[in-house]
Amino acid sequence: MKPLRIALTKGRLEKSMIGLFDRMGWDTSAVADKGRRLILPVYDRQTGGAIEVVLAKPADVLTYVGHGVCELGVVGKDTIAEAAGDTAGGFYEMLDLGFGKCRFALAAPKGTDFFGGYTGKTVATKYPHVARGYFDSRGMDVQIIRIEGSVELAPLLGLAGGIVDLVETGSTLRENGLEVVEEIMPISARVIVNMACMKLHKPEIEALIAKMEAQIS
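Here the structure is a predicted model, which is why all the values come from computation and not from measurement. (Residues numbered from 1 in each chain as written. Predicted model: local features only at pLDDT ≥ 70, side-chain atom pairs only at ≥ 80, totals over all residues. Heavy atoms only, no water.)

Student: Residues and numbers for the overall build of the chain, please.
Tutor: Across its full length, the chain carries nine helices and twelve strands. Dimensions along the principal axes, computed over C-alpha positions, put the chain at roughly 65 × 35 × 35 Å. Considering the chain as a whole, with its 217 residues, one finds that 45% of them fall into the buried category. Taking contacts inside the chain between residues at least 6 apart in sequence as the whole, the part at least 24 apart equals 67%. Of the roughly 11,200 Å² that the chain leaves accessible, carbon and sulfur atoms contribute 51%. Charged side chains of the chain number 25 positive and 27 negative; the gap between the two group centres comes to 3 Å. (Helix = DSSP H or I, 4+ residues; strand = E, 2+ residues; numbered from the N terminus. Buried < 20%, exposed > 50% of the residue type's maximum accessible area, 1.4 Å probe, protein only. Contact = heavy atoms within 4.5 Å. Areas by Shrake-Rupley, 256 points an atom, 1.4 Å probe, with all protein chains shown as cover. Lys, Arg positive; Asp, Glu negative; His and termini not counted. Charge placed at Lys NZ, Arg CZ, Asp CG, Glu CD.)

Student: How would you explain a nonpolar patch on the surface if you had to name every residue and give the values?
Tutor: On the surface, L153, L156, L157 and L159 cluster together into a nonpolar patch covering about 400 Å² of accessible area. Mapping L153 onto the fold places it in helix 6 (residues 153-156). According to the relative accessible area criterion, L153 is partly exposed, its value standing at 45%. (Patch = residues over 30% accessible without salt bridge, like charges linked within 9 Å, V, L, I, M, F, W, Y side chains within 5 Å. Salt bridge = Lys/Arg side-chain N within 4 Å of Asp/Glu carboxyl O.)

Student: Which residues make up the sheet that holds strand 10 (residues 162-167), and what values do they have?
Tutor: Sheet strands pair via backbone hydrogen bonds, and the direction of the pair is either parallel or antiparallel. If you walk across this open sheet you meet the five strands as 9-8-10-7-11, and the pairing is mixed. What marks the edges here is a single partner per strand, and that holds for strand 9 (142-146) and strand 11 (178-187). Taken pair by pair, the neighbouring strands of this sheet meet at an average axis angle of 25 degrees, ignoring direction. The pairing of strand 8 (residues 121-125) with strand 9 spans five bridges and is classified as parallel. Counted as the bridge partner of V123 is I144 from strand 9. Taken strand by strand, helix 5 (residues 128-137) contacts strand 7 (102-109), strand 8, strand 9, strand 10 and strand 11, and its axis lies near 170 degrees from that of strand 9. (Pairing = 2+ DSSP bridges. Axes fitted to C-alpha atoms, helices over the stretch in contact; angles between N-to-C directions.)

Student: Pulling in residues and values, what's your account of the nonpolar core?
Tutor: Membership of the largest hydrophobic core comes to 29 residues, with the highest contact counts inside it found for I6, M17, F21, L72, L97 and M212. Elements with a minimum of two residues in this core: strand 1 (5-9), helix 1 (12-23), strand 3 (39-44), strand 4 (50-56), strand 5 (72-76), strand 12 (189-194) and helix 9 (202-216). Take this core: its biggest share by element is five residues, from helix 1. Apart from residues no more than four positions distant in its own chain, L97 is found in contact with M17, L20, V74, A189, R190, V191 and I216. Counting residues in each nonpolar core, the second largest holds twelve residues, with L62, I80, A83 and I192 among its members. (Core = buried A, V, L, I, M, F, W, Y, C linked by side-chain atoms within 4.5 Å.)

Student: If you had to explain the pairing of strand 1 to someone new, which residues and values would you point to?
Tutor: Residues in a regular strand point their side chains to alternate faces of the sheet. With four of five residues buried, strand 1 lies mostly within the body of the structure. Bridge count between strand 1 and strand 4: five bridges; the pairing is parallel. Bridge pairing in strand 4 links I6 to V53. Relative to strand 5, strand 1 is paired through three bridges, and the arrangement is parallel. If you follow A7 over to strand 5, its bridge partner there is G73.

Printed below as a string of structure tokens:
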């Protein structure tokens, strides 16, 4: 039978996930010595079974799982929230892995009253869908400007009165004269599973997720 494929977000989540596989007793040497390869085997030392790890960018993890070419994926909740069901095929969010923690937050220049006054508000963000949902929930009509780079620049340049972004320690905000106005949503790494694949490979997928859960609990 073809091994299960799990798409991993490259970078910090990849390293954390490989650490989890190591604690599960899996052989991750192929990933440690991957070179330029993007599809790599990971072996269960006890059973001899294997899965294939696919290294990808966050949005592509959703695409590969959504289309069913990878049965599972590991991606941040921020990417899931911003996609908001746009992925073909659909997926289940199965497990909070507890690492990669940060939060979505609204931030503004220190000492300003973002919600005060009667003038229109402008917000810069890399996550327009998340920002729109947040302000809609507050009944606020806000102009949202998408920024691809350092979103903290927008208030400094006078482009926006606030930003919606991921915040971990808050040091970048403080160094640029910004502060958190309100937290929007906690973020961490999640395991997702393609809906159709969950039906076709239910025992194998549930067994793999159970092994992960045993380690993180």
